[in-house]
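Take a look at the letters that make up each chain.
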Amino acid sequence: MAEKKVNSTEGDPWERVAARLGADLFLDLQPDPSTTARGRGAMRRRALADTLRDAISDGRLPPGTMVPPYRSLAADLGLARGTVAAVYAELVAEGRLTARQGSGTRVACGIHPQPASLPPPTVTLPTVDHDFALGQPNPSLFPRSAWAASTRRALSGAVDSVFAPSAPNGSVALRTELAAYLARARGVRTSPDCIVLTTSVSGSLDLLSRTVFGRRVAVESHGLPFHRAVIARRGVTTSPLPVDARGADVSRLAEAGVDAVVLTPSHQYPFGVALAPDRRAEVVEWAARTDAVIVEDDYDGELRYDRDPVGALQGLAPDSVIHTGSVSKSLSPAVRIGWLVLPPRLVSSVMWAKGVREPDASIVDQLVLADMIAAGTYDTHIRRSRQFYRARRDHLIARLAADGIEVSGIAAGLHAVIPLPVDIEHRLLRECHARGFAFGGLDAMRHPDADPPVDENGVAQGGLVVGFASPANSTFARDVDALATLITEYR
């Protein structure tokens, strides 16, 4: 008489499931003698859930496959029925399984398996051997110790309410310290209530484009293209003002038909000139006469080398000038803190236009910066940075002068301009990545509606815009030598 087969799994859906999963499931679910019964149960539940997830994700359990009833699976694995039922319910909630009364529990049909052997994605970035990128401070200067010390003080001394949702204008601690700092360092006249914290100058311009700007805004003929793009995305048209050795020609505002102008008066970007005193007075008078608004981007205002910093334009007319800045060059672009100093009449509309949940602002970082300013370590860092960048600037000027290469725009900031005919600039920009260089082009920063400057022979002029803060300390001299060689070759 044939022996009766006990516990046959022939035709059992779990046999097919187990065959797909292999023996690893059962090995993973074996109890660890060193754990308590409760701990073993939690570990085995996690192991079952993770193994089923993996089998569904990599296609071992294809869409539509029926899984065993939880009672039979619990008996096979030696688990409590409630444990397996909870795992099934968890995977149903995630959308990996579907359960319908009368048709069992199956792998969801919308699942698209991904083989476990897929290679990791690759991201190819241009190779840069000589990094003269613009607008970037040297990362080695970041004041790590001061930042860490201020973090400890700020967090240990903070009241619980600062970690709750805050008003859109940002941390009152930073606004208070910033008002005092901008007054003594930049000559800005304001109060904490007139400051709205943002994440960057770009973010500030976007906010103003939604609240303050009309249909048309005047900008300088050369400037950061992405700043113009931020304004244009909000449907605002930009009109260029010519820039010469005395800054933007603000006499053109009367005919421009605008009710706002964006300027970099302390250190025009990219030419590097300061707005002449008579033009400062003229633009302030224009704003008062026409009830217009001046937006002062305080680009490189703190990093001046050959004289005391040029005071902020805002100090002349707090009711007409919006002052904006950030710590992207004084500290790091990784610290997302910027600000708007607003006339009182504009504070409420700008502040609430931000919304109560700004996506990128960090109140913790704002508290840390407030502590650094209060402790004096931010001022110390600025002084140390000026010395470091002045030495780099002097080395760059001397090395290029040895090859007869003219440099301009170097009284302040983190970049220098090397004038060249437009055609040479374009050739260098086309080939710079292939030659391992990163730098900017003067003509590339020109407003599409502005004419390029010309020399005495009528030749259109452009040039290279070279960031001397970016190269690593160990390669700076070699990078400058390579730059001098490149320019000499193409001249």
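In the nomenclature of an unreviewed UniProt entry, the protein chain corresponds to PLP-dependent aminotransferase family protein from the organism Gordonia oryzae. Taken verbatim from the UniProt record of the protein chain, the Sequence similarities (unreviewed entry) comment is "In the C-terminal section; belongs to the class-I pyridoxal-phosphate-dependent aminotransferase family."

### Observations concerning the overall build of the protein chain
For the protein chain, the helix and strand inventory stands at 16 helices and 17 strands. A globule of 491 residues ought to have a C-alpha radius of gyration of about 23 Å, yet the protein chain, at 32 Å, is considerably larger. Considering only C-alpha atoms, the protein chain reaches an extent of 115 × 55 × 45 Å along its principal axes. In the protein chain, which comprises 491 residues, the proportion classed as buried is 48%. The contacts of the protein chain with a sequence gap of at least 6 include a subset with a gap of at least 24, amounting to 73%. Taken as a whole, the protein chain presents about 23600 Å² of accessible surface, with 53% of it coming from carbon and sulfur. Here the protein chain carries 54 positive and 55 negative side-chain charges, and the mean point of each set is 7 Å from the other.

### A closer look at the packing of helix 13 (residues 363–375) against helix 14 (residues 377–402)
Packing of helix 13 against helix 14 brings their axes to within 4 Å, and their N-to-C directions diverge by 80°. It follows from the interaxial angle that helix 13 and helix 14 lie roughly perpendicular. Where helix 13 abuts helix 14, its residues Leu369, Met372, Ile373 and Ala375 lie against Thr377, Tyr378 and Asp379. When grouped by side-chain class, the residues that make up the contact of helix 13 with helix 14 number 5 nonpolar, 1 polar and 1 charged.

### Focus: the side chain of aspartate 479
Counting through the fold element by element, aspartate 479 comes out in helix 16 (residues 476–490). For the buried residue aspartate 479, which engages in no salt bridge, the nearest side chain bearing the opposite charge is arginine 478, 4.2 Å off. Sequence-distant contacts of aspartate 479, defined by excluding residues within four places in its chain, comprise Asp129, His130, Phe132 and Pro471.

### Re the pairing of strand 2 (residues 97–100)
Judged from the 4 bridges that link them, strand 2 and strand 3 (residues 104–107) form a sheet pairing that is antiparallel. Within strand 3, the position partnered with threonine 98 by the bridge is arginine 106.

### Observations concerning helix 7 (residues 172–186)
Given 3.6 residues to a turn, an α-helix orients residues that are three or four positions apart in the same direction. An ideal rise of 1.5 Å per residue puts 21 Å on 15 residues; helix 7 measures up with 20 Å between its terminal C-alpha atoms. Within helix 7 the residues assigned to the buried category are Leu174, Arg175, Leu178, Ala179, Tyr181, Leu182 and Arg186. By the N-cap criterion, in which a side-chain oxygen at the helix start approaches the backbone nitrogen of a residue two or three places on, helix 7 is capped by serine 171, the distance to alanine 173 being 3.2 Å. Of the residues trailing helix 7, glycine 187 is marked for its positive phi of about 75°.

### Section: the sheet that holds strand 5 (residues 195–198)
Read from one edge to the other, the open sheet built from 7 strands follows the order 5-13-12-11-10-6-7, with strand pairing classed as mixed. One side of each edge strand has no neighbouring strand; the edge strands of this open sheet are strand 5 and strand 7 (237–241). Neighbour-to-neighbour, the strand axes of this sheet turn through a mean angle of 20°, independent of strand direction. Looking at chain direction, strand 12 (residues 321–326) and strand 13 (residues 338–341) are connected through 4 bridges and run antiparallel. In the sheet register, histidine 323 faces strand 13, and the bridge partner there is valine 341. With respect to the sheet, helix 8 (residues 201–211) is in contact with strand 5, strand 10 (260–263), strand 11 (293–297), strand 12 and strand 13, its orientation differing from that of strand 12 by roughly 150°.

Definitions and cut-offs
- Residues numbered from 1 in each chain as written.
- Predicted model: local features only at pLDDT ≥ 70, side-chain atom pairs only at ≥ 80, totals over all residues.
- Heavy atoms only, no water.
- UniProt positions renumbered as here; feature names shortened; annotations may be inferred.
- Helix = DSSP H or I, 4+ residues; strand = E, 2+ residues; numbered from the N terminus.
- Rg over C-alpha atoms; globule rule 2.2 N^0.38 Å.
- Buried < 20%, exposed > 50% of the residue type's maximum accessible area, 1.4 Å probe, protein only.
- Contact = heavy atoms within 4.5 Å.
- Areas by Shrake-Rupley, 256 points an atom, 1.4 Å probe, with all protein chains shown as cover.
- Lys, Arg positive; Asp, Glu negative; His and termini not counted.
- Charge placed at Lys NZ, Arg CZ, Asp CG, Glu CD.
- Axes fitted to C-alpha atoms, helices over the stretch in contact; angles between N-to-C directions.
- Parallel < 35°, antiparallel > 145°, perpendicular 65-115°, else oblique.
- Nonpolar A, V, L, I, M, F, W, Y, C, P; charged D, E, K, R; others polar.
- Salt bridge = Lys/Arg side-chain N within 4 Å of Asp/Glu carboxyl O.
- Pairing = 2+ DSSP bridges.
- Expected span 1.5 Å × (residues − 1).
- Polar contact = N/O pair within 3.5 Å; in protein donor to acceptor, adjacent residues only side chain to side chain.

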